[in-house]
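Given next are the chains, with one letter for each unit.
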Amino acid sequence: MTIINIETSGKICSVALTYHGALEIQIDEMEGMRHADKLAPFVDQIMQEVHRREMKPDAIAVSIGPGSYTGLRIGLSLAKGLAFGLGVPLIGVDTLKIIAVKAMFRKNDWNGDELLVPMIDARRMEVFTAVYDFALNEVVKPQPMVLDEESFRNLLDEGKQLYFIGDGAEKAKKVIDHPNAHWIDGLLPQAKDMMALSEKALRNEDFIDIAYSTPQYLKSYQTTVSKKSLL
């Protein structure tokens, strides 16, 4: 199965071509929020390689959130157009699960009974987060959360080993002090990390609507109005 994976939920703009469980090509822009400028050229590079190899994509996969409102819109819009143009299905991959899967492959000494807590930075002390076991079952459903010293206290006090990951985990370090709380630094979602999830979705024919699907923002978009515009 050949899948073009697109990840634009955060700081990294990323596209990857995967083929039967192997990463064929990856293109990443690691600096800043440059998705509007970089994504289309990245996809064009991938498509040139697809044509050169005479490959036929079986699906387009895109991260659908939570994450950056602008990044998610850019990624999903391009993914929809690409899927429609190629006549292939569209797969939506949960960004929090992408981070959780990346953590699974980062360490090789898991017991398997730990809980993974991916966190995506939002405003102030807020994050988008969830809690997953190693089968990616939801122990705590995806939600926006304002962190404080009581966050996840019930799970930690039960003796669960919680691993906080993602760019929002730094906020958790400031307020959560518990012997069962652990951190894995430097885990940001990239398109190559989508492979296991997108291939599973393709096998299960778990697709999203090309015309009507929307990002999973988890909360409504908020804008601020400049005081100058009110004068």
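What you are looking at is a predicted structure, and each value in this text was computed from that prediction instead of being measured. (Residues numbered from 1 in each chain as written. Predicted model: local features only at pLDDT ≥ 70, side-chain atom pairs only at ≥ 80, totals over all residues. Heavy atoms only, no water.)

(A) Inspection of the overall build of the protein chain at higher detail. Scanning the protein chain from N- to C-terminus turns up 6 helices and 10 strands. Relative to its length of 231 residues, the protein chain is compact, with a C-alpha radius of gyration of 18 Å against a globular reference of 17 Å. Oriented by its inertia axes, the alpha-carbon framework of the protein chain measures out at about 60 × 55 × 30 Å. The 231 residues of the protein chain split such that 50% are buried. Considering the protein chain, the positive charge centre built from 26 side chains and the negative charge centre built from 32 side chains are found 6 Å apart. (Helix = DSSP H or I, 4+ residues; strand = E, 2+ residues; numbered from the N terminus. Rg over C-alpha atoms; globule rule 2.2 N^0.38 Å. Buried < 20%, exposed > 50% of the residue type's maximum accessible area, 1.4 Å probe, protein only. Lys, Arg positive; Asp, Glu negative; His and termini not counted. Charge placed at Lys NZ, Arg CZ, Asp CG, Glu CD.)

(B) The nonpolar core, seen in detail. In this structure, I91, V93, L116, L136 and I165 are the most contacted members of the largest nonpolar core, which totals 31 residues. Of all the secondary structure elements, the ones that give two or more residues to this core are β4 (59-63), β5 (90-93), α3 (95-106), β6 (115-121), β7 (126-132), β9 (162-165) and α6 (195-203). The dominant element in this core, judged by the number of residues it contributes, is α3, at 7 residues. Once you skip the residues sitting within four places of it in the chain, L116 turns out to touch A100, A103, M104, W110, A130, V131, Y132, F134, Y163 and I165. One finds I6, I27, V43 and V88 within the second-largest nonpolar core, a separate group that totals 23 residues. (Core = buried A, V, L, I, M, F, W, Y, C linked by side-chain atoms within 4.5 Å. Contact = heavy atoms within 4.5 Å.)

(C) Quick look at helix α1 (residues 35-52). Here α1 spans 25 Å end to end across 18 residues, near enough to the 26 Å set by a 1.5 Å rise per residue. Along α1, the residues that are buried comprise H35, L39, F42, V43, I46, M47, E49 and V50. Along the axis of α1, the buried positions cluster into a sector of 160°, meaning they face one direction only. Exposed side of α1, more than 90 degrees from the buried face: D37, H51 and R52 are the residues found there. (Expected span 1.5 Å × (residues − 1). Arc of directions from axis to C-beta.)

(D) The arrangement of the pattern of salt bridges in detail. Following the criterion strictly, the structure yields 11 salt bridges and no others. We note a salt bridge from E49 to R52, for which the minimum N-O separation is 2.4 Å. In this pair, E49 and R52 both sit in helix α1, 3 residues apart, roughly one turn of the helix. Among the ionic pairs, R153 bridges to E150, the shortest N-O distance being 4.0 Å. Residues joined in a network through salt bridges with shared partners are E24, E49, R52 and R53. (Salt bridge = Lys/Arg side-chain N within 4 Å of Asp/Glu carboxyl O.)

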